[in-house]
Amino acid sequence: MRISKNFLFVLLLASPAGFCGEPPEQVVKQFYRWAIRPAPAEIGRGLAPVQQLLGKELYAALEAQQQYEAACAAIVPANIKPYSIDQSPFFVSPDKAKALHSTEAFITGNKALVGAKLVYDELAWTDTVVLRRSQGMWVIQEIQWQEGGSLIERLARFASSRCAE
């Protein structure tokens, strides 16, 4: 029995899942499942359903964006629409994506780049999701869009805008 326990322990340590949680591709798949089509129980819960998938800096930037938008809505006159992203911040296009078609990971040490091929009807594009290993788990640090720019850049531009334009 002693050999079996030791063997299982070695297998657990040797497996990528045992060492660093779920593989980066799985983290990206979970994230886009939520971003594209959240489950009914996830709707209205903000970022809570994916908080554990996001790096601290990215999560803080997204929370700050939501607070900024709420503050803008509170100070502009009722007949003026406050400045807002007006769409999911995770996609360049306001139409989002209808599905995640495939993923491909490139892992170097504690960093992973996962190409996420997204589709909307006949249109397809590949965004790059940047992940880092943090406390034994892969977490999303950034999304770089095929069309150029990134999620953190968008959030910084948003925060530098006046509330009503």
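Note: the structure precedes this text.
Predicted model, so just to flag it, every value in this text is computed and none were measured.

Criteria and thresholds
- Residues numbered from 1 in each chain as written.
- Predicted model: local features only at pLDDT ≥ 70, side-chain atom pairs only at ≥ 80, totals over all residues.
- Heavy atoms only, no water.
- Axes fitted to C-alpha atoms, helices over the stretch in contact; angles between N-to-C directions.
- Helix = DSSP H or I, 4+ residues; strand = E, 2+ residues; numbered from the N terminus.
- Parallel < 35°, antiparallel > 145°, perpendicular 65-115°, else oblique.
- Left-handed = near helix turned anticlockwise from the far one by under 90°.
- Contact = heavy atoms within 4.5 Å.
- Nonpolar A, V, L, I, M, F, W, Y, C, P; charged D, E, K, R; others polar.
- Pairing = 2+ DSSP bridges.

*Asks:* Summarise the packing of helix α4 (residues 56-75) against helix α5 (residues 151-159); cite the residues concerned and give the values.
*Replies:* Across the interface, α4 lies against α5 with an axial gap of 10 Å and an inter-helix angle of 30°. Taken together, the axes of α4 and α5 lie roughly parallel to each other. The hand of the α4/α5 crossing is left-handed. Mapping the contact onto sequence places Leu58, Ala61, Leu62, Gln65, Tyr68 and Glu69 in α4 and Leu151, Ile152, Leu155, Phe158 and Ala159 in α5. For the contact of α4 with α5, the residue count by class is 9 nonpolar, 1 polar and 1 charged.

*Asks:* Describe the pairing of strand β3 (residues 123-134), and please don't skip the residues or the numbers.
*Replies:* Across 10 bridges, the pairing between strand β2 (residues 111-120) and β3 is antiparallel. If you follow Tyr120 over to β3, its bridge partner there is Leu123. In textbook terms, the turn of a hairpin is the stretch between consecutive antiparallel strands, and for β2 and β3 this stretch comprises 2 residues, one of which, Asp121, has a positive phi near 55°. Alignment of β3 against strand β4 (residues 137-144), held across 7 bridges, turns out to be antiparallel. Looking at β4, one finds that Arg132 is bridged to Val139. The hairpin turn running from β3 into β4, its antiparallel successor, is 2 residues long, and Gln135 in that turn takes a positive phi close to 50°.

Nothing here speaks to function; it is geometry throughout.
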